[in-house]
Each structure stands twice: as structure tokens, then as C-alpha cells.
Amino acid sequence: MLSWLAQNLSTVIVCLVLALILTLIIVKLVKDKKKGKSSCGGNCAHCAMACSCRKK
């Protein structure tokens, strides 16, 4: 087990860093959602979800 870990240490570190970045992005999105912020640019004319994203 230790020899496998030693041989693949760089891959394990890269995967852990990517998982950390992904987790931080998800946490940021959840916090923004709770604050009422949105990633919508407000240009509904060019949006594929224009008919369903904003309630009229």
C-alpha cells in the first residue's frame, strides 16, 4: 500500500487539490444563492431559459 502511494503521490495530490477547489466553488455558489445573488446577466433575449427563469 505504501509503495503504491509513493508511486502515485503526485496524482493523489492533484486529485485532492482539484477536489478542494471544486468544494470551494460549490460552497461559494450555495452562499451566493442564500444571499439572493445570481449568475444571471439579465440579458433574457439571448438566454435559452428566458421563458422559465424569470417570473412575470
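An account of the accompanying structure is given in this report.

Cut-offs used in this document
- Residues numbered from 1 in each chain as written.
- Predicted model: local features only at pLDDT ≥ 70, side-chain atom pairs only at ≥ 80, totals over all residues.
- Heavy atoms only, no water.
- Helix = DSSP H or I, 4+ residues; strand = E, 2+ residues; numbered from the N terminus.
- Buried < 20%, exposed > 50% of the residue type's maximum accessible area, 1.4 Å probe, protein only.
- Areas by Shrake-Rupley, 256 points an atom, 1.4 Å probe, with all protein chains shown as cover.
- Expected span 1.5 Å × (residues − 1).

## Remarks on the overall build of the protein chain
Helices and strands together make up the secondary structure of the protein chain, namely three helices and zero strands. For the protein chain, the N- to C-terminal ordering of α and β elements is α-α-α. Taking all 56 residues of the protein chain together, the buried fraction comes to 2%. Carbon and sulfur atoms form 69% of the exposed surface of the protein chain, whose accessible area is close to 5400 Å².

## Considering helix α2 (residues 9-35)
Helix length check: α2 (27 residues) gives 39 Å between terminal C-alpha atoms against 39 Å at 1.5 Å per residue, within 8%. Following α2 by one or two positions, G36 adopts a phi angle in the positive range, close to 90°.

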